[in-house]
Amino acid sequence: MFYRTSGQFKTTYESDQALFPIKQDMVLLVVILAAMYVIFPMFASEFTYKALLVPVLIYSLASLGLNILTGYAGQLSLGTAGFMGVGAYACYKITTFFPEMNIIVALFLSGFFSAAVGVAFGLPSLRIKGFYLAIATLASQFFLVWLFEKWAWLYNYNASGAIEVRTMDIFGLVVTGPNASPMVQYYFVLGIVSVVTFAMINLTRGRYGRTWKAVRDMDIAAELVGINLMRAKLSAFAVSSYIVGIAGALMVFFWKGAAEPNLFDIPMSFQIVFIAIIGGLGSVMGNFLGGILIVALPVVLNLLPEMLGLSIGSATMEHVNVMVVGSLIIMFLIVEPHGLARFWALIREKLIIWPFPH
């Protein structure tokens, strides 16, 4: 069997704590990366890049940031879209003040502004939690969107009130603006998402990850064993907002090309929450599975009537789309309440012990 692990022995603590304790997991990851970096670009069209691949990657990255906060640290948040907006506007201002700066540096710097704002709005988590914390972060969502609308300095006093991405290049290759190739933008986003995801996998497996999980499971017990709750919770808000800020900058600079404040409104926050829940809280891989279901599936469903030669109105198809996706979400939550990542984990466990029942 493909996932049979007989003969794979661990003789050191390092091998037991390895990133891939089962070599088949590493093989599967290599196959997925090969598909993303080599196979998909061979057949993808401009529409595929713009409507499927790039949005899935960006939303999955934003969901990963939320999952750090909610899935690992147990702190509820409904202001993800607002923190994405902070990252986008920060990157826009950085590239305005320093037009010669490398866009990669600007992206990672913009995350620090989002992290600072996230820590500021995360301070209530030291006194409140659960539903009350969710309401506090929801307040941050409304406040940040209002700030994006009213503070004209953020969008350089543009009459339209929107931020518009100018053409930028890296080593002579245009990566942003109307002249940028969708394939180039896809590879850029894929590279950033790969680096951040790998960093978060290692971070959640280390000391910070164990601290966040302890706070999530029982914060009083975690404090009794010596964990600093203030440091643990605020570090979770900082790391989460940092990733979300990078995702917001990627969305505007490498997908939308321009943005108005209402882009980062409450529906986007709820969409990212849905991705995290459907994918599986406390899982890195689940964010990408949830992103495929919530972001890519509706696009594929809209294309089905044309592929099948059916004549269905766009409004009707939109309603069908909502019903199908909603039904799938309900079905997945009934079959496996812990998300698609847990569903895959169960399948993997069955493959490992096959043909034995337990």
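We now turn to the structure provided with this report. Going along each chain's sequence as written, the residues are numbered from 1 onward. With pLDDT at 70 or above as the cut-off, local features in this predicted model cover only qualifying residues; side-chain atom pairs require 80 or more to be listed or tallied, and sums for whole chains, interfaces and linings still use all residues. Hydrogen atoms and water are omitted, and side-chain values are computed over all heavy atoms in the structure.

**Details of the layout of surface pockets**
A 1.4 Å probe that fits but cannot get out identifies a cavity on a 1 Å grid over protein atoms alone, an open set with protein on both sides within 12 Å along at least five of seven lines counts as a pocket, and a residue lines either if it has an atom within 4 Å of a point. Grid points are joined across faces, edges and corners, and a volume is the space filled by probe spheres set on the points. What the largest pocket holds in volume is close to 1800 Å³. In this structure, the largest pocket is lined by 47 residues; those nearest its centre are L29, I201, V284, M285 and F288. Only DSSP runs of H or I covering at least 4 residues are called helices, and only runs of E covering at least 2 are called strands; the numbering of each starts at the N terminus. Where the lining of the largest pocket is concerned, the elements lending two or more residues are helix 2 (23-43), helix 3 (46-72), helix 7 (182-205), helix 12 (285-308) and helix 14 (340-353). Counting residues per element, the lining of the largest pocket draws most heavily on helix 7, at eight residues. Approximately 310 Å³ is the volume attributed to the second largest pocket. Contributing to the lining of the second largest pocket are 15 residues, with V86, A90, F113, W153 and L154 lying nearest its centre. Those elements that place two or more of their residues in the lining of the second largest pocket are helix 4 (80-97), helix 5 (103-122) and helix 6 (131-150). Take the lining of the second largest pocket: its biggest share by element is six residues, from helix 4. Residues are grouped as follows: Ala, Val, Leu, Ile, Met, Phe, Trp, Tyr, Cys and Pro are nonpolar; Asp, Glu, Lys and Arg are charged; all remaining types, including Gly, are polar. Along the lines of polarity and charge, the residues of the lining of the second largest pocket split into 14 nonpolar, no polar and one charged.

**With respect to the pairing of strand 3 (residues 173-176)**
As defined by bridge partners, strand 2 (residues 168-170) adjoins strand 3 across three bridges and the pair is classed as antiparallel. By the bridge assignment, I170 is partnered in strand 3 with L173. At least two DSSP bridges between two strands are needed for those strands to be called paired. In textbook terms, the turn of a hairpin is the stretch between consecutive antiparallel strands, and for strand 2 and strand 3 this stretch comprises two residues, one of which, F171, has a positive phi near 55°.

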